[in-house]
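# Residue-level structural notes
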Amino acid sequence: MFDFPGIYQEADNISNKTQKCYLLVLKLYLTILIIASILFTYFNNVWEVKIVNAILSLVILALSFVFFCYDFQGIWYNARAVAESIKTSCWRFAIKAEPYNVEDEEADEFLLNTMKHIIGMNRDFQKHITACFSCNEQLPSSLIKIRLLPLEKRRDFYHNYRVLEQELWYKNKSEYNNKKSKLFFALLVLLSLIISVFLFLSLDKTNSFNYPVEILLSLLSIIFTWVQTKKYKELNKSYALASYEIGFISSQKNKITSEEQLSEYVDNSENAFSREHTQWIARKDN
């Protein structure tokens, strides 16, 4: 493999850190909700518990303001879109695919200008950029070395380290999201069934047991919120389709015998991959 430019590492780092922070805050928010629901249902007569619940309500309020004021998803998605756009440009450059199938000096200048343009077009990303990776190479020597390889070696390098790797990544992601989708669907059905049973049992006037219906309803709402956030089912289908599409493109590898065919192969592959980071932008806008 080769090293990616410092600005790619910066965008990748911002995206990963913001995603982790967002999911951590969301988990904390949902956990506090279920804890507050349990305490309110069963221990609300205890003075100390009332104080705890009052404090938890303030924490929930504070976290709500955090979600409202800090655009976690917008920063996360936008930084990921920047990172993937730069990654695509680097691969095109390394394999000498269009528009980098020109003289090396011209291609170097073109790649640098492309990265500047990507950053310049993303004002939101600029607001969160740091100097963490500013000393790293913006045009890594390992990236340039790939351009010097013969056609066959560049073709095999791209096929092995880009196409096959992406095909496997999408396949694994699809299977992971499929498992999670089925798991949470089963959990939602089970909770709904338990709630229904408890509600019917509570109709018996001789039964004085306090069934935790409110708690289970809160848990049901929390799980539904988590599923909606993670979009397991939607991503399962999207990743599966991408994996098959990449597989079709991959099968054309052995037919490549010229620079023009290699450029077309890279172009088709990168267009398939780029749907992912254009989806990041679409999710940010939604």
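Residues numbered from 1 in each chain as written. Predicted model: local features only at pLDDT ≥ 70, side-chain atom pairs only at ≥ 80, totals over all residues. Heavy atoms only, no water.

Looking only at helices and strands, the protein chain has ten helices and zero strands in total. Walking the protein chain from its N terminus toward its C terminus, one meets helices and strands in the order α-α-α-α-α-α-α-α-α-α. Relative to the 2.2 N^0.38 estimate, which gives 19 Å for 286 residues, the radius of gyration of the protein chain is 25 Å and therefore markedly larger than a compact globule would have. The principal-axis extent of the C-alpha atoms belonging to the protein chain is close to 85 × 40 × 25 Å. (Helix = DSSP H or I, 4+ residues; strand = E, 2+ residues; numbered from the N terminus. Rg over C-alpha atoms; globule rule 2.2 N^0.38 Å.)

This part covers the confidence of the model for the protein chain. Caution applies to low-pLDDT regions: their predicted coordinates should not be interpreted in detail. Averaged over all residues, the pLDDT of the protein chain equals 90, while 96% of them reach at least 70. Least confident of the elements in the protein chain is helix 10 (residues 259–285), whose mean pLDDT is 77; most confident is helix 4 (residues 104–120), at 95. (pLDDT = per-residue confidence, 0-100.)

What follows concerns the packing of aromatic side chains. For the coordinates displayed, the defined rule picks out 23 aromatic pairs. With centroids separated by 5.9 Å and ring planes inclined at 40 degrees, the aromatic side chains of Y22 and F72 adopt a geometry described as tilted. Of the two residues, Y22 sits in helix 1 (residues 6–42) while F72 sits in helix 3 (residues 72–95), which places them 50 residues apart along the sequence. Each member of the pair, Y22 together with F72, is buried. (Phe/Tyr/Trp six-rings, centres within 6.5 Å; stacked < 30°, edge-to-face > 60°. Buried < 20%, exposed > 50% of the residue type's maximum accessible area, 1.4 Å probe, protein only.)

Further remarks concern the environment of I118. Tracing the backbone through its elements, the reader meets I118 in helix 4. Classification of I118 as buried rests on a relative accessible area of 12%. Sequence-wise, I118 and I86 are 32 residues apart; in three dimensions their C-alpha atoms are separated by 7.6 Å. Apart from the residues within four sequence positions on either side, I118 is in contact with V82, S85, I86 and S89. (Contact = heavy atoms within 4.5 Å.)

What follows concerns the packing of helix 1 against helix 3. Where helix 1 contacts helix 3, the axes come no closer than 8 Å and their chain directions differ by 150 degrees. Classified by the angle their axes make, helix 1 and helix 3 are roughly antiparallel. Taken as a pair, helix 1 and helix 3 cross one another with a handedness that is left-handed. Judged by residue contacts, I7, Y8, A11, D12, I14, S15, N16, T18, Q19, C21, Y22 and V25 of helix 1 engage F72, Q73, I75, W76, A79, R80, V82, A83, I86 and K87 from helix 3. Class assignment of the residues belonging to the contact of helix 1 with helix 3 gives a composition of 14 nonpolar, five polar and three charged. (Axes fitted to C-alpha atoms, helices over the stretch in contact; angles between N-to-C directions. Parallel < 35°, antiparallel > 145°, perpendicular 65-115°, else oblique. Left-handed = near helix turned anticlockwise from the far one by under 90°. Nonpolar A, V, L, I, M, F, W, Y, C, P; charged D, E, K, R; others polar.)

Let us now look at helix 8 (residues 213–230). Residue pairs three or four apart in sequence face the same way in an α-helix, which turns once every 3.6 residues. Compared with an ideal rise of 1.5 Å per residue, which puts 18 residues at 26 Å, helix 8 spans 26 Å between its outermost C-alpha atoms and is within 8% of the ideal. For helix 8, every residue scored as buried is listed here: V213, I215, L216, L220, I222, I223, W226, V227 and T229. Where the residues of helix 8 are buried, they touch helix 1, helix 7 (151–201) and helix 9 (232–250). Following helix 8 by one or two positions, K231 adopts a phi angle in the positive range, close to 55 degrees. (Expected span 1.5 Å × (residues − 1).)

We now examine a nonpolar patch on the surface. Taken together, the side chains of I38, Y42, F43 and V46 present a nonpolar region at the surface, about 320 Å² in accessible area. Within the secondary structure, I38 is located in helix 1. (Patch = residues over 30% accessible without salt bridge, like charges linked within 9 Å, V, L, I, M, F, W, Y side chains within 5 Å. Areas by Shrake-Rupley, 256 points an atom, 1.4 Å probe, with all protein chains shown as cover. Salt bridge = Lys/Arg side-chain N within 4 Å of Asp/Glu carboxyl O.)

Now for the packing of helix 3 against helix 7. Between two packed helices, the angle of one axis relative to the other and the distance separating the axes together describe the packing. Two elements in contact, helix 3 and helix 7, have axes separated by 10 Å at closest approach and are oriented at 155 degrees. Taken as axis vectors, helix 3 and helix 7 run roughly antiparallel relative to one another. Note on element contacts: helix 7 touches helix 3 through R154, F157, Y158, Y161 and R162, opposite K87, T88, W91, A94 and I95. Among the residues making up the contact of helix 3 with helix 7, the classes are represented as six nonpolar, one polar and three charged.

It is generally the case that most residues other than glycine have a negative phi and that most peptide bonds are trans. Geometrically, the link from E98 to P99 is a cis peptide bond, its omega value of 10 degrees lying close to zero. Among the secondary structure elements, P99 is positioned in the loop between helix 3 and helix 4. If you check the backbone angles, K96 has positive phi at about 65 degrees while not being a glycine. Note that K96 resides in the loop between helix 3 and helix 4. Here K96 falls in the partly exposed class, since its relative accessible area comes to 24%. Here the phi dihedral of K231 falls at roughly 55 degrees; this positive angle occurs in a residue that is not glycine. Here K231 is to be found in the loop between helix 8 and helix 9. Residue K231 is classed as partly exposed on the basis of its relative accessible area, which comes to 33%.

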